[in-house]
Amino acid sequence: MTQIHTSPHTTFINSVGRMMTLVVVALIPAMLTYIWFFGWGIVINSVICIVTAYATEAVMLRLRKRPLWPFLSDGSALVTALLIAFALPPIIAWWIPLLATAFAIIIAKHLYGGLGYNPFNPAMVGYAMLLIVFPKQMTAWIPASTGTGWEINFFDNLRYNLFGDLPADTTYDMITQATPMDMLDIQVGLGKTVTQVENSFAQFSQYFGVGWDWLSLMFLLGGLFLIYKRIITWHIPVAMLGTIAVASGIAYLYDSASNPDPLFHVLGGASMIGAFFIATDPVTASTTPIGRLIYGMGIGLITYIIRAWGGYPDGVAFGVLIMNMAVPTIDYYTQPRVFGHGRDND
Amino acid sequence: MRKRWSFHGGLKLEGHKAISMREPIATADIPAQLILPLQQHIGEAAYPIVDVGERVLTGQIVAQAEGYVSAPVHASSSGTVTAIEKRPVAHPSGMHGTCIVIETDAKDEWCELAPHQADYKQMDPSALRNLIRDAGIVGLGGAGFPTYIKLNPGGRRQIETLILNGAECEPYITCDAMTMQESPREIIEGLLIMRHALQARQCLIAIEDNKPAAISAISDALTRQEKTFIDVVVIPTRYPAGSEKQLIKTVTGIEIPSNKLPLHCGVVVHNIGTAVAVSEAVLSGKPLISRIVTVTGHAVARPGNYRARIGTPMHELLRQAKVDTDTMARLIMGGPMMGFEILDNTSPVLKTSNCLLATTRQDHDHSAAMPCIRCGECTRVCPANLLPQQLYWYARAKDFDMSQRYNLFDCIECGCCTYVCPSHIPLVHYYRFAKTEIWAQERDKKKSDHARQRHDYHQYRLERKKLEDEERRRKKKALLKKTQETDNKKDVIAAALARVEAKKAQQQQETGE
């Protein structure tokens, strides 16, 4: 029996692989900036994450009796791996990125049915799990290189990550420091004003943090590229960043001594990578235009609440995971008005 | 300039129009054999009124319309009826249909034509409609709805706007564009006849802006004929701008409600080719026996537009257009976005065959579908503003209630969602499947409703019989009881009398002592 082909009888203009490749391309400026300011740690972590991601993906596909090639070549494991690498500190024991990635791919992705079926953002599930289990290792960053101070070279970074060996005459506490978001949280908690904190610690810049400002701008650049390429829409980033700005703006107007200004929150922490690269993960985000606005606002609000009152310095990962749960409900109640269906005579 | 509105979604598609517009419209040869399906329109199939062996003339009715929504079929050339039988016909399912087969005699001898009606303005609109109906005219844009029905405003309804659809938004198809370039006069005449039949207030001709030659040809003709009250509306090239409801939205701003027809809102849309057919039927009395067919695609050596007799086997037309059947991957009737595949190229050209698209392997994608990643690109391009990926989930899960709650039946199957899908999911195929299943369920439900009614009535009769029987029994019993009761009364009286007797006897005994 001849197979009947059905319309449309065209070639396709898009593919999952193309979309994922463009996301990776959009991450390149941020990757280079990260290397510039924080050394080669992210490259080491990326390699560990990518190898783990593809190994676990292949094993899971085999166990689930799925064809390997179409799914290994779709690029989704690569994106998950890179996002985890960006979330981790450059100086960190090798098994932490490995565990985070394996958890993301095995538990968060394949146990829920693989590509397209996972309700929770895999990268954020892996990251959040590690953040809960190893909070100290997960929030200690090395200071950003300014060309004058101490820098860690590739081999020292690799030695520490693989064997836990520190360079001579250094201790772990000497070469790491809290992130600006974390430091502000701690110091304001101790009763200092935002201005005092920002003036007395080296990791702060005029806007947020040394090196971090540039990194955020690179995520913004990559995000705009993704919007231009129609890989993501503006709704989620605008809603999320807008909500963070409004919430932090209200707090700032109320008490500027203990609340940093909105720019600090929008450029700071994981706001930018979260808004453009994590919250916009198509599989786990809302799909309707209005739904995406609500979803983004929810993430922004939860992020700000955790930053202001929660136990963690940042809240993007939890914001995303919590809003992931709400997606089916949001989608159901935000269906667009169908052509020919009136607003009231539906 | 006239205001234009926009509809949600849609796509900018590569037109591929130039390849079939290099040559003027050519006249295709009359084939040795004509195959005339009885069903070339929406509605009831026509019924044959000729017999095998009968000689027929060009333009002679060979099958008569059956009922209101139907259209007659005419012999598209003279010859002898050799068979009335099932033949492969162009249909999405690839099924066969009853056809009248005519061996042509190369004389192309016309029958006596209906008197021409140059003065159609004096005619009653209903007489005009009958004339158009008898000419077998159906919508030539592809849907094939009998035209005379769409020329009937019905009751006292006022038709505000009559639109001629020259959008031709599907890639590759150029039959309307070429007709506009070559026969603007006939188009305008047809439009004016339609206007008279509908008593429409305003007339518009909507043309996509990728057809400058057609736009200027029509505009020039309007100026020459001093028919400037007809507006040419140039609309942006955006697929599916030619879809009826999207077109109405674009040129009038009116959004036809989902459950209504344009007619209900005082708007009627007709195709360019239909207008020409109407003018020929009314002004020269000629029924619909031919149409312009675009033969194009990358497997065609001489792409172009052909005036072909209805019933010409497709392979005859492909031969004239020099289609390389070895490199041809698919033969599609209609455009690449909404057309359907023809599996048997002996199928005849129908009244609705606007285009034969012969593609090569490179025109199609052969990659397997991946899971939906919910990117929402389908939502962005859907001209009906549906949520295609939700519809897909429910269609796949066979959850037809939810499919309908997500307005499955508002899908116009334009194919935009499938075209942009990064996972290459044949979305439209799923929607068609779900619609067909729902229709089948409804048919079954109707059948079972009917069966249930019969069953219920049967039960009712049984029940009634039971009740009647019971009633009869009850009455009988009551009668019996009554007789018994009367018997009892007699007993009581007798007993009382006996007691009285006994007492008397006792007293007598006592006194006697």
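Nothing here was measured: the structure is a model prediction, and the numbers come from that model.

Enquirer: Help me understand the interface of chain B and chain A in this model?
Expert: Quite often, the size of an interface is put as the accessible area lost when its parts meet. With 60 residues of chain B at the interface, the matching set in chain A holds 42 residues. Here chain B packs against chain A, burying approximately 4500 Å² in sum over the two surfaces, 58% of which is carbon and sulfur. Its largest share of buried area at the contact with chain A, chain B owes to B:Ile373, B:Arg374 and B:Tyr419, together 15% of the area lost on that side. Counting every contact that joins chain B to chain A gives three salt bridges. A:Arg230 is paired through a salt bridge with B:Glu377; the nearest N and O atoms lie 2.9 Å apart. Scanning the region where chain B abuts chain A turns up 27 residue pairs in polar contact (both at pLDDT 80 or more). Sorting the residues of the side of chain B that touches chain A by element identifies α5 (244–252), β15 (330–333), β16 (340–341), α8 (377–381), α9 (388–396), α10 (400–405), α11 (416–420) and α12 (427–512) of chain B as the ones contributing at least two each. Of the residues in the side of chain B that touches chain A, the class split is 27 nonpolar, 19 polar and 14 charged.

Enquirer: Explanation requested: the sheet that holds strand β8 (residues 96–104) of chain B in the structure shown.
Expert: The strands that make up a sheet are held in pairs by hydrogen bonds between backbone atoms, and each pair lies either parallel or antiparallel. All names here are of chain B. Strand order in the open sheet made by the four strands is β2-β8-β7-β4, with antiparallel pairing throughout. Each edge of the open sheet carries a strand with a single partner, namely β2 (33–37) and β4 (55–56). Taken together, the nine bridges between strand β7 (residues 79–88) and β8 define a ladder with antiparallel strand orientation. The residue of β8 that forms the bridge with Val81 is Ile102.

Enquirer: Just checking my understanding: could you explain the sheet that holds strand β1 (residues 26–27) of chain B for this structure?
Expert: Residue and element names in this part refer to chain B. The strand order across the open sheet formed by six strands is β1-β14-β13-β17-β15-β16, and the pairing between neighbours is mixed. At either end of the open sheet lies a strand with only one pairing partner, and these are β1 and β16. As defined by bridge partners, β1 adjoins strand β14 (residues 304–309) across two bridges and the pair is classed as parallel. Among the inter-strand pairings, Ala26 is bridged to a residue of β14, identified as Tyr306. Most of the contacts of helix α2 (residues 175–182) go to strand β13 (residues 290–296), to which it runs at about 120°, and overall it touches β13 and β14.

Enquirer: Is there a simple way to explain helix α8 (residues 154–163) of chain A in this structure?
Expert: Given 3.6 residues to a turn, an α-helix orients residues that are three or four positions apart in the same direction. All names here are of chain A. Listed as buried for α8 are Asp156, Asn157, Tyr160 and Asn161. Projection of α8 onto a plane perpendicular to its axis shows the buried side chains occupying an angular sector of 125°, all on one side. For α8, exposure combined with an orientation more than 90 degrees from the buried face picks out Phe155 and Phe163.

Enquirer: Looking at this model, I keep getting lost on the nonpolar core. Mind explaining?
Expert: Here is a general trend for soluble globular proteins: nonpolar side chains tend to be buried in one another's company. Membership of the largest hydrophobic core comes to 100 residues, with the highest contact counts inside it found for A:Phe86, A:Phe219, A:Phe277 and A:Tyr295. Looking at this core, the element that brings in the most residues is helix α1 (residues 16–38) of chain A, giving 14 residues. Not counting residues up to four positions away in its chain, the partners in contact with A:Phe219 are A:Leu27, A:Ala30, A:Phe86, A:Met272, A:Ile273, A:Phe276 and A:Phe277. One finds B:Ile137, B:Leu191, B:Leu198 and B:Ile207 within the second-largest nonpolar core, a separate group that totals 43 residues.

What counts, and at which threshold
Residues numbered from 1 in each chain as written. Chains lettered and ligands numbered in written order. Predicted model: local features only at pLDDT ≥ 70, side-chain atom pairs only at ≥ 80, totals over all residues. Heavy atoms only, no water. Contact = heavy atoms within 4.5 Å. Buried area = accessible area lost by both parts, 1.4 Å probe. Salt bridge = Lys/Arg side-chain N within 4 Å of Asp/Glu carboxyl O. Polar contact = N/O pair within 3.5 Å; in protein donor to acceptor, adjacent residues only side chain to side chain. Helix = DSSP H or I, 4+ residues; strand = E, 2+ residues; numbered from the N terminus. Nonpolar A, V, L, I, M, F, W, Y, C, P; charged D, E, K, R; others polar. Pairing = 2+ DSSP bridges. Axes fitted to C-alpha atoms, helices over the stretch in contact; angles between N-to-C directions. Buried < 20%, exposed > 50% of the residue type's maximum accessible area, 1.4 Å probe, protein only. Arc of directions from axis to C-beta. Core = buried A, V, L, I, M, F, W, Y, C linked by side-chain atoms within 4.5 Å.

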